[in-house]
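What the coordinates show
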Amino acid sequence: MDFINQYLLTILILVPTIGAVAIIAHQAFWKDESQLKWLTLGVTVLNFVLSLLLLGGAQASANGFSFEQNSPWIPAIGSNYHIGVDGLSLWLVLLTTFIMPIAVISTWHAVEKRPLAFYAFMLVLESAMIGVFVSLDLLVFYLFFEASLVPMFFLIGIWGGKQRIYAAVKFFIYTALGSLLMLVAIIALYYLHLQATGTGTFDYVTLLGSISSGSLTFGGSSAYTGTLLFLAFALAFSIKVPVFPFHTWLPDAHTEAPTAGSVILAAILLKMGTYGIMRFNFTLFPEASREMAWIFIVLAIIGITYGALVAMVQPDVKRLVAYSSVAHMGFVVLGMFSFTEQGMQGALYTMLAHGVTTGALFLLVGFIYERRHTREISEYGGLSNVMPIYATFFVITAMASVGLPFLNGFVGEFLIMLGMWSSTILPGSWNQIATMAAGTGVIFAAVYLLWMIQRVFFGKLTNEKNKSLSDLSLREIGIMAPLLFLMVFMGVYPKPILDSSKPSVVEIQRIVSGETKGGTVTELNIDGPEGR
Amino acid sequence: MMNIFLAELADPNVSIPLVLPEMLLALTGILVMIYDSIRPGRRRVTGTISMVGLILSAVALFWIWSTPGQQLSAFGGMIVADSLRMSFTAVFLLVSALTILVSTVWVEREDVHAGEYHTLLLFATVGMMFMASGNDLVIIFLGLETLSIATYVMAGLRRRDLRSNESALKYFILGSYASGFLLYGMALVYGATGTTNVTQIALNTETAQFPALLLVGAAMLVIGFGFKVATVPFHIWTPDVYEGAPSPVTGFMAAGPKAAGFASFLRVFVLGFPLVVGVQASEFLHDSWITALTVMAILTMTVGNIAAIVQNNVKRMLAYSSIAHAGYAMVGFVGAGVAKTATGRDDAIAAVAFYMLTYAVTNLGAFAIVTLVARKNDRRTEFEDYNGIGFRSPVLAFSLSLFMLSLLGLPLTAGFIGKVLVFRPALEAGTSLMVILVVIAVINTAISAYYYLRLIVVMFFRERTEEWSQPKISTALAAVLAITIIGVFYFGIFGNNVIEMFSKYPVDVQMR
């Protein structure tokens with residue numbers, strides 16, 4: 001047990017990859033493709049169970065991270081294999097391990113072509129995603145960040161829709177370009193640290209220490225150094241999120257990806273971007289973050305409104321859900337850049353809620369697509385008559401996405417708006433104006449989702465082809481059940497998640513808002529809706 | 001002056017161990033040649049002898065490398081045993097060994113007279129080794145000519161193929177022309193500094209007779225070396241020659257001679273024309289060549305990548321990609337030139353050597369597969385010919401994808417560590433010119449994703465319309481694939497040992 005606890009994160013990273021090797025070996029010897037999905041499911045469930053041990057929790061060390069491991073990787077470059085989790089990454093790791101088995105079950109009958117390669121790529125992808133969330137060495141982080149591209153590229157390219165090649169290449173090149181500039185910034189940080197302190201390092205914790213103790217500042221060599229580094233990191237993450245003008249890869253990738261790919265993309269891959277901004281941009285470049293905040297707030301509001309408006313006119317259900325992601329991620333960015341505890345907690349909570357809800361929406365779209373092989377809204381109508389369970393699930397999930405109270409979307413969005421309202425990052429009453437502008441987005445969200453639901457599920461059953469549709473099977477209900485449970489649970493009782501993420505988020509908020517330890521923190525007397 | 005010569009005549013300071021790797025390989029070459037004239041046409045025997053020679057040479061090299069307290073220079077300072085020489089020599093030996101293994105497929109398919117081929121390859125390798133070990137312009141030139149003449153012939157080995165003839169003739173004419181520039185440059189540098197020894201040139205820059213002569217000489221050298229490593233604008237020959245030459249030879253030329261060119265290019269410029277603070281001529285010279293090479297690096301990467309995008313032939317694409325890679329390596333080169341400390345400079349040199357190693361391993365792996373797929377007369381080398389082979393020949397397709405991702409520089413592959421290493425020294429200098437250089441380099445990397453991915457796209461994402469006969473993977477080729485795949489992962493994940501080994505013996509020119 002001690003062994004497992006000590007190396008838990010490494011085990012979590014390695015189990016899926018070893019699983020991938022195992023299923024390839026299994027195929028080489030037995031050539032029985034029907035067992036593949038069971039084996040893959042077994043591996044992902046095992047990893048989920050193992051990841052639950054994180055909740056048991058070892059004591060966090062002084063730097064706030066637990067389950068740490070730190071050993072030299074390439075000393076000649078100065079990079080260490082340093083991993084660990086805190087309240088911020090813990091939940092994202094759990095989200096990853098939770099979504100993966102669901103994604104695997106969702107492919108039960110959908111993958112007919114090359115199942116071995118499909119499941120192997122899924123497993124490798126899981127390793128890379130967990131690696132991203134637990135890396136505390138910038139080079140190792142970059143490594144996992146890039147490594148996650150390759151399996152996704154193949155998943156979209158081989159098992160995707162008609163435009164899959166275009167979508168896959170666009171996805172890869174967009175993301176690669178952003179992250180390569182981040183690589184330059186990472187190496188530059190190494191040398192800035194070398195010049196400032198005499199030792200170069202890629203270690204996040206060390207860099208953080210040097211910055212907070214004032215031994216590493218970005219004012220020295222050029223006035224713009226800090227800003228440029230911030231932008232290099234922010235570009236990589238903004239493309240991943242995606243923040244408004246960088247979002248064009250997302251609808252293509254989502255629409256063309258197979259259902260499991262869309263689920264993973266929406267639920268986890270997008271979170272790498274927001275996670276990266278919160279973890280690295282805010283703490284390493286707090287000053288630049290504050291200077292640039294207004295840009296991101298403006299872009300976030302544009303993203304919220306634009307995403308919602310474009311979603312409204314989509315004829316394709318999957319594209320509609322994809323654009324709704326743009327809007328939701330806009331909310332997350334807005335919350336983060338409010339630099340208030342509520343806003344940032346709300347951002348993290350929305351990340352998790354969006355993972356569950358949008359993942360569920362993509363699954364639901366996938367169910368109907370498997371039956372009818374079309375996603376055109378105009379092809380449907382009155383589905384609630386033939387598929388009542390499906391319609392119920394869809395409506396609940398859509399409500400969660402809209403942000404109906406007692407469902408998970410509400411908590412995060414409410415916290416974000418509270419945070420933005422009480423923020424002081426924008427001059428004067430602009431904070432409140434920004435909040436109101438974002439609030440309009442929630443109304444739009446209600447419009448596009450409800451309108452779509454009305455057109456798809458209600459009214460008369462006009463299309464002949466829809467009359468013989470069968471309702472959800474037990475397997476499909478089984479996939480949805482845990483997601484629906486989480487939507488309700490996270491909506492009613494957010495306390496455990498918010499409590500455990502609080503110390504880490506507050507620490508980041510303290511650093512980014514420029515408050516010194518023990519300094520006076522002017523905190524508004526609002527505890528949040530859950531009455532902590 | 002006279003006294004110095006006499007002193008050297010009296011004690012030539014001979015050290016056999018120091019040139020043992022070169023000697024062993026040259027002897028092997030002669031042995032192969034003699035054997036082939038007695039019993040012609042025995043490919044396996046000549047191939048085996050060549051491999052044994054390469055292995056013996058490598059053993060000798062590692063013996064010098066790992067013997068502590070080793071003498072660092074001999075033959076009156078003409079031959080040195082610093083990390084620059086050691087690391088690059090290791091790259092050459094690996095390239096030659098892999099090339100011999102890759103060629104087994106091809107020599108049998110095309111019925112090439114393999115004895116000549118192996119001899120030429122070994123002599124070319126000896127030439128490359130002298131280019132790295134020579135600390136004297138004369139030795140460097142001799143090495144370069146030995147290499148060049150051998151490769152001219154190798155490019156034209158497919159005598160009955162018009163493209164191969166064109167390739168050899170083009171390479172020969174342009175190559176001789178470039179050699180002329182190089183020699184002229186060397187003469188001018190000698191005229192200005194009164195010596196051909198690189199270490200001595202660095203010392204004599206302060207007292208250079210005609211600083212202008214030195215500058216012109218250096219410019220000529222840039223042209224000569226620039227041709228060898230195929231930097232823009234001296235790259236025009238590359239695509240035609242690479243396309244026309246037999247695939248294994250192309251792989252060899254893109255990895256070996258390019259690395260050799262970089263070895264002497266680095267030695268002459270970084271060590272021969274260093275920045276001596278306070279000496280006007282030196283400052284001016286240093287400034288000029290740094291700027292010139294920076295501009296060349298930018299052009300090389302950009303032109304190489306953009307031209308590679310529009311290619312429809314895989315060999316041509318790899319040729320342009322090799323141009324782009326020369327550009328990335330030059331980022332490390334320039335970084336070595338602007339390094340402020342001797343350690344920084346040595347690390348940067350080691351970085352370029354490591355980059356060439358990663359490039360060689362990856363590229364030869366890719367060429368092994370291209371050779372295998374190409375069939376007789378290199379007929380199947382278009383992108384279309386790779387359509388949909390992904391799951392029909394999964395081993396080949398996944399290996400080729402891995403090599404493409406490594407060329408692209410994706411983490412966990414050798415190419416990533418190589419790129420990080422060559423970008424580092426330039427960023428360490430921290431001047432805005434260097435930062436711009438690195439930023440352009442990474443933007444180029446993103447552009448290159450397009451054509452590297454294209455090969456993966458056609459293999460995996462497209463359907464095959466014509467027939468596909470599974471090519472047979474021979475033992476030698478399987479060995480090449482195993483070595484290169486392991487190499488790509490090993491250098492990408494556990495590269496530390498190699499990097500440390502590459503910077504073990506600091507070069508003997510102090511910074512001033």
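Preceding this paragraph is the structure being described.
Residues numbered from 1 in each chain as written. Chains lettered and ligands numbered in written order. Predicted model: local features only at pLDDT ≥ 70, side-chain atom pairs only at ≥ 80, totals over all residues. Heavy atoms only, no water.

When helices and strands are counted, chain A shows 21 helices and two strands. Its C-alpha atoms give chain A a radius of gyration of 22 Å, near enough to 24 Å, the size a compact globule of 532 residues would have. The buried share among the 532 residues of chain A stands at 64%. A gap of 10 Å separates the mean positions of the 26 positive and 29 negative side-chain charges of chain A. (Helix = DSSP H or I, 4+ residues; strand = E, 2+ residues; numbered from the N terminus. Rg over C-alpha atoms; globule rule 2.2 N^0.38 Å. Buried < 20%, exposed > 50% of the residue type's maximum accessible area, 1.4 Å probe, protein only. Lys, Arg positive; Asp, Glu negative; His and termini not counted. Charge placed at Lys NZ, Arg CZ, Asp CG, Glu CD.)

Attention now moves to the pattern of salt bridges. For the coordinates displayed, the defined rule picks out 18 salt bridges over all chains. For Arg375(A), the salt bridge goes to Asp316(A), with nearest N and O atoms at 3.6 Å. Pair noted here: Arg375(A) is in the loop between helix 15 (341–372) and helix 16 (383–386) and Asp316(A) is in the loop between helix 13 (286–312) and helix 14 (317–336), with a separation of 59 residues, a long-range link. Using a relative accessible area of 15% as the deciding quantity, one classes Arg375(A) as buried. The network of salt bridges with common partners includes Glu166(B), Lys170(B), Asp240(B), Glu243(B) and Arg316(B). (Salt bridge = Lys/Arg side-chain N within 4 Å of Asp/Glu carboxyl O.)

The next thing to look at is the pairing of strand 2 (residues 79–85) of chain A. Residue and element names in this part refer to chain A. Across the seven residues of strand 2, six count as buried, placing the element largely inside the fold. As defined by bridge partners, strand 1 (residues 66–74) adjoins strand 2 across six bridges and the pair is classed as antiparallel. Residue pairing across strands places Gln 69 opposite Ile 83, the latter belonging to strand 2. Between strand 1 and strand 2, which pair antiparallel and follow one another directly, the connecting turn spans four residues, one of which, Gly 78, has a positive phi of 95°. (Pairing = 2+ DSSP bridges.)

The grouping of Glu382(B), Glu384(B), Glu466(B) and Glu467(B) at the surface amounts to a negative patch. One can find Glu384(B) in the loop between helix 14 (342–374) and helix 15 (394–408). (Patch = residues over 30% accessible without salt bridge, like charges linked within 9 Å, V, L, I, M, F, W, Y side chains within 5 Å. Areas by Shrake-Rupley, 256 points an atom, 1.4 Å probe, with all protein chains shown as cover.)

With that out of the way, let us pick up the nonpolar core. Formed by 399 residues in total, the largest nonpolar core has its most connected members in Phe337(A), Phe88(B), Phe269(B) and Phe273(B). Ranked by the residues each element gives to this core, the list is headed by helix 14 of chain B, at 21 residues. Setting aside anything within four residues of it in sequence, one finds Phe269(B) in contact with Ala218(B), Leu221(B), Val222(B), Phe225(B), Pro274(B), Trp289(B) and Phe333(B). (Core = buried A, V, L, I, M, F, W, Y, C linked by side-chain atoms within 4.5 Å. Contact = heavy atoms within 4.5 Å.)

A few words now on the packing of helix 12 (residues 259–284) of chain A against helix 21 (residues 495–512) of chain A. Residue and element names in this part refer to chain A. It is at 8 Å that the axes of helix 12 and helix 21 come closest, and there the two elements cross at 35°. For the element pair helix 12 and helix 21, the recorded crossing hand is left-handed. For the pair helix 12 and helix 21, the contacting residues are Met 278, Arg 279, Phe 282 and Thr 283 in the first and Val 505, Ile 508, Ile 511 and Val 512 in the second. Class assignment of the residues belonging to the contact of helix 12 with helix 21 gives a composition of six nonpolar, one polar and one charged. (Axes fitted to C-alpha atoms, helices over the stretch in contact; angles between N-to-C directions. Left-handed = near helix turned anticlockwise from the far one by under 90°. Nonpolar A, V, L, I, M, F, W, Y, C, P; charged D, E, K, R; others polar.)

In this complex, chain B contributes 36 residues to the contact, which on the side of chain A involves 35 residues. Contact with chain A buries surface across chain B, with Phe391(B), Arg424(B) and Phe461(B) losing the most and accounting together for 22% of the total. Our count for the chain B to chain A interface comes out at zero salt bridges. The tally of links from chain B across to chain A stands at four residue pairs in polar contact (both at pLDDT 80 or more). Going through the elements one at a time, helix 15, helix 16 (414–429), helix 17 (432–461), helix 18 (475–493) and helix 19 (496–502) of chain B are the ones with two or more residues in the side of chain B that touches chain A. Among the elements that line the side of chain B that touches chain A, the one with the most residues is helix 17 of chain B, at 13 residues. Taken together, the residues that form the side of chain B that touches chain A break down as 28 nonpolar, three polar and five charged. (Buried area = accessible area lost by both parts, 1.4 Å probe. Polar contact = N/O pair within 3.5 Å; in protein donor to acceptor, adjacent residues only side chain to side chain.)

Let's shift gears to the packing of helix 15 of chain A against helix 20 (residues 474–492) of chain A. All names here are of chain A. With their axes 10 Å apart at the nearest point, helix 15 and helix 20 run at an angle of 155° to one another. When the axes of helix 15 and helix 20 are compared, the pair comes out roughly antiparallel. For the element pair helix 15 and helix 20, the recorded crossing hand is left-handed. When helix 15 is examined against helix 20, the residues Tyr 349, Leu 352, Ala 353, Val 356, Thr 357, Ala 360, Leu 363, Leu 364, Phe 367, Glu 370 and Arg 371 are found in contact with a partner set consisting of Arg 475, Glu 476, Ile 479, Met 480, Leu 483, Leu 486, Met 487 and Met 490. Each residue belonging to the contact of helix 15 with helix 20 can be placed in one class, and the counts come to 14 nonpolar, one polar and four charged. (Parallel < 35°, antiparallel > 145°, perpendicular 65-115°, else oblique.)

Bringing unusual backbone geometry into the picture now. In this structure, Pro242(A) follows Val241(A) across a cis peptide bond, with omega equal to -5°. Counting through the fold element by element, Pro242(A) comes out in the loop between helix 10 (225–240) and helix 11 (249–256). We note that Phe75(B) has phi near 50°; this positive angle belongs to a residue other than glycine. Given the relative accessible area of 23%, Phe75(B) is considered partly exposed.

This part takes up the environment of Val334(B). Residues and elements named next belong to chain B. By the element assignment, Val 334 lies in helix 13 (residues 314–338). Residue classification places Val 334 among the buried residues on the basis of a relative accessible area of 0%. Separated by 160 residues in sequence, Val 334 and Phe 494 place their C-alpha atoms 26 Å apart. In this structure, Val 334 is in contact with Ile 290, Leu 293, Thr 294, Met 434 and Leu 437, ignoring residues within four places of it in sequence.

On to the packing of aromatic side chains, then. Two descriptors summarise a pair of aromatic rings, namely the distance from one centre to the other and the angle between the planes of the rings. Inspection of every chain in the model, using the stated rule, returns 65 aromatic pairs over all chains. Ring geometry for Phe171(A) against Trp249(A): centres 5.4 Å apart, planes inclined by 55°, an arrangement best described as tilted. Taken together, the residues Phe171(A) in helix 8 (residues 164–197) and Trp249(A) in helix 11 connect sequence positions 78 residues apart. Seen from the ring of Tyr328(B), Lys419(B) lies directly overhead, with NZ or CZ sitting 4.5 Å from the centre. (Phe/Tyr/Trp six-rings, centres within 6.5 Å; stacked < 30°, edge-to-face > 60°. Lys NZ or Arg CZ within 6 Å of the ring centre and 35° of its normal.)

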